[in-house]
Amino acid sequence: MARFGSLPLWLVAALGYGMVVANFVAVPVLAVLAPVLPAAAPLLAQAAGASLLFWLGAIPLRAGVRDGQPLAPWVLRMPLFIVLGYAGFIASAWGSTVRWGDAEYRMGLDGRIRHVVRR
């Protein structure tokens, strides 16, 4: 049996990914609050700076792909990709089936593969 994943590793990844998403979500919220609540301005600066670093850090992931698609539209939509990707990541906690290529892996609660179905 192959070890596919473990709960502690998933929890740490969820926490780290959640911090990235929290920054992206906080920027528009804090931008609305900052004019009314001056104490929100430093938080806005922190969230915007961290989001910018995450955003710029993801550009090299796409820049190396040579599929003829322009880079700019992908870069502009990237924060949305991150937030929606996190929703899928969290939803994966309630699933026990992984589909990869032409195979479907059914896993047990301990993270080990219990059954493989090939198509």
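Above this note sits the structure.
For clarity, every value in this text was computed on a predicted model and none was experimentally measured.

**Points about a nonpolar patch on the surface**
Taken together, the side chains of V25, V29, L33, V36 and L37 make up a nonpolar region of the molecular surface, amounting to roughly 450 Å² of accessible area. You can see L33 is positioned in helix 1 (residues 7-33). Its relative accessible area of 38% is what places L33 among the partly exposed residues.

**Things to note about the sheet that holds strand 3 (residues 113-118)**
Strand order across the open sheet formed by three strands is 1-2-3, with antiparallel pairing between neighbours. Each end of this open sheet is capped by a strand with a single partner; those strands are strand 1 (97-100) and strand 3. With direction set aside, neighbouring strand axes in the sheet form an average angle of 20 degrees. Looking at chain direction, strand 2 (residues 103-107) and strand 3 are connected through five bridges and run antiparallel. Residue pairing in the sheet places A103 in a bridge with R118 of strand 3.

Calculation rules
Residues numbered from 1 in each chain as written. Predicted model: local features only at pLDDT ≥ 70, side-chain atom pairs only at ≥ 80, totals over all residues. Heavy atoms only, no water. Patch = residues over 30% accessible without salt bridge, like charges linked within 9 Å, V, L, I, M, F, W, Y side chains within 5 Å. Areas by Shrake-Rupley, 256 points an atom, 1.4 Å probe, with all protein chains shown as cover. Salt bridge = Lys/Arg side-chain N within 4 Å of Asp/Glu carboxyl O. Helix = DSSP H or I, 4+ residues; strand = E, 2+ residues; numbered from the N terminus. Buried < 20%, exposed > 50% of the residue type's maximum accessible area, 1.4 Å probe, protein only. Pairing = 2+ DSSP bridges. Axes fitted to C-alpha atoms, helices over the stretch in contact; angles between N-to-C directions.

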